Amino acid sequence: MSVLYESLTKIKDTKNIGKNNTFVFESFFDSYTKYESLFETVNKYPDISNSTSTNNGVQWNFQNNEDKKLALDIKNFIKKKLNYDVDISQRETWAIIYQPGGWQALHYHSVPNERISVVLNFSKKTSTSHSDGALYGIVEKEKGIELFISDYYPGKITIMDGGILHGSYPTMSERKIIVLDFLIDKIS
Ligand SMILES: [Fe+2]
C-alpha cells in the first residue's frame, strides 16, 4: 500500500479509492467568493468548447495568469487536505459556463497518477434532482467499477486523480465552474 493510498483512506470525505491509487474526494472551498470575478474574462478569450467535451456551454482558458492566485490557494488547500507531502505544479486552468441543458461528455485528463484535477463550482442548483448538473465519474476497483455522483453548490470542490473517467449530467440552470489541473511532481 502506498503512502498516498494510506493517507487518502484517512480523509473522511474521500469518495473512492480505486485501482492504481486513483481517488476522488469532495470538500468545501470557502474562499471561492474571492474568485467569482474570474468569470468576467468570458469575452476575453476564444470559446474552445467545440474542441472539448463541453456541450451547450462556453469554455475558455486563462492565458494571462488571471488564475495564479486561485491555483496557489487550491494547491495549499490540497496539500493541507491530503496531509502528506505532495509536490504539484499548476498545469492549466479553464472556466466553463454551462447553459441550461449543458453537459460534459465522458473523458479523462491524464493517465493515472500523473495529474490532480480539480473542479470548483460557483453556482447554486435550482432543482432538487440528484443528477441535475452533477459531476459523475467511474472508479475502477479490483472487482469491477463504481460510479460516484458529486452534487453541486457554491464552493463545492471535487478533487480527483486525472486518470478518473468523468463527465457532467445536463444542468437545469446556468452552472459556472473552474477546472484546474496540476501535475503531480512527487509524492512522498
Ligand atoms: Fe474534466
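See above for the structure.
Owing to the predicted nature of the structure, the values given are computational and were not obtained by experimental measurement. (Residues numbered from 1 in each chain as written. Predicted model: local features only at pLDDT ≥ 70, side-chain atom pairs only at ≥ 80, totals over all residues.)

Colleague: Describe the overall build of the protein chain, listing the residues and the values that go with them.
Modeller: Secondary structure assignment for the protein chain yields two helices and 10 strands. Secondary structure elements of the protein chain occur, N-terminal to C-terminal, as α-β-β-β-α-β-β-β-β-β-β-β. Across the 188 residues that make up the protein chain, the buried fraction comes to 30%. In the protein chain, 77% of the contacts between residues at least 6 apart in sequence involve partners at least 24 apart. (Helix = DSSP H or I, 4+ residues; strand = E, 2+ residues; numbered from the N terminus. Buried ≥ 20, exposed ≤ 12 C-beta atoms within 10 Å, placed from the backbone. Contact = placed C-beta atoms within 7 Å.)

Colleague: Can you tell me about helix α2 (residues 68-82), naming the residues and giving the values?
Modeller: In an α-helix, one turn spans 3.6 residues; hence positions three or four apart end up facing the same way. Taking 1.5 Å per residue, 15 residues should reach 21 Å; α2 reaches 21 Å between its end C-alpha atoms and fits that length. Within α2 the residues assigned to the buried category are Leu70, Ala71, Ile74 and Leu82. Take α2 and look down its axis: the buried residues cluster within an arc of 95°, on one side only. Those residues of α2 that are exposed and angled more than 90 degrees off the buried face are Lys68, Leu72, Asn76 and Lys80. (Expected span 1.5 Å × (residues − 1). Arc of directions from axis to C-beta.)

Colleague: Provide a residue-level description of the pairing of strand β5 (residues 115-121), including the pertinent values.
Modeller: When you tally the buried positions in β5, you get seven out of seven residues, the bulk of the element. Along β5, one buried face is formed by Arg115, Ser117, Val119 and Asn121 and the opposite face, lined by Ile116, Val118 and Leu120, is buried too. Sheet analysis places β5 next to strand β8 (residues 156-161), joined by five bridges and oriented antiparallel. Looking at the pairing, Ser117 lines up with Met160 of β8. (Pairing = 2+ DSSP bridges.)

Colleague: Now, about the nonpolar core: what can you tell me, with residues and values included?
Modeller: Counting 29 residues, the largest nonpolar core has Val24, Val118, Leu120, Ile159, Ile177 and Leu180 as its most contacted members. Within the residue set of this core, elements represented by two or more residues are β2 (23-28), α2, β4 (86-107), β5, β6 (135-141), β8 and β10 (175-187). Take this core: its biggest share by element is five residues, from β4. Excluding residues that lie within four positions of it along the chain, Leu120 makes contacts with Phe29, Tyr32, Ile157, Ile177 and Ile178. (Core = buried A, V, L, I, M, F, W, Y, C linked by C-beta atoms within 7 Å.)

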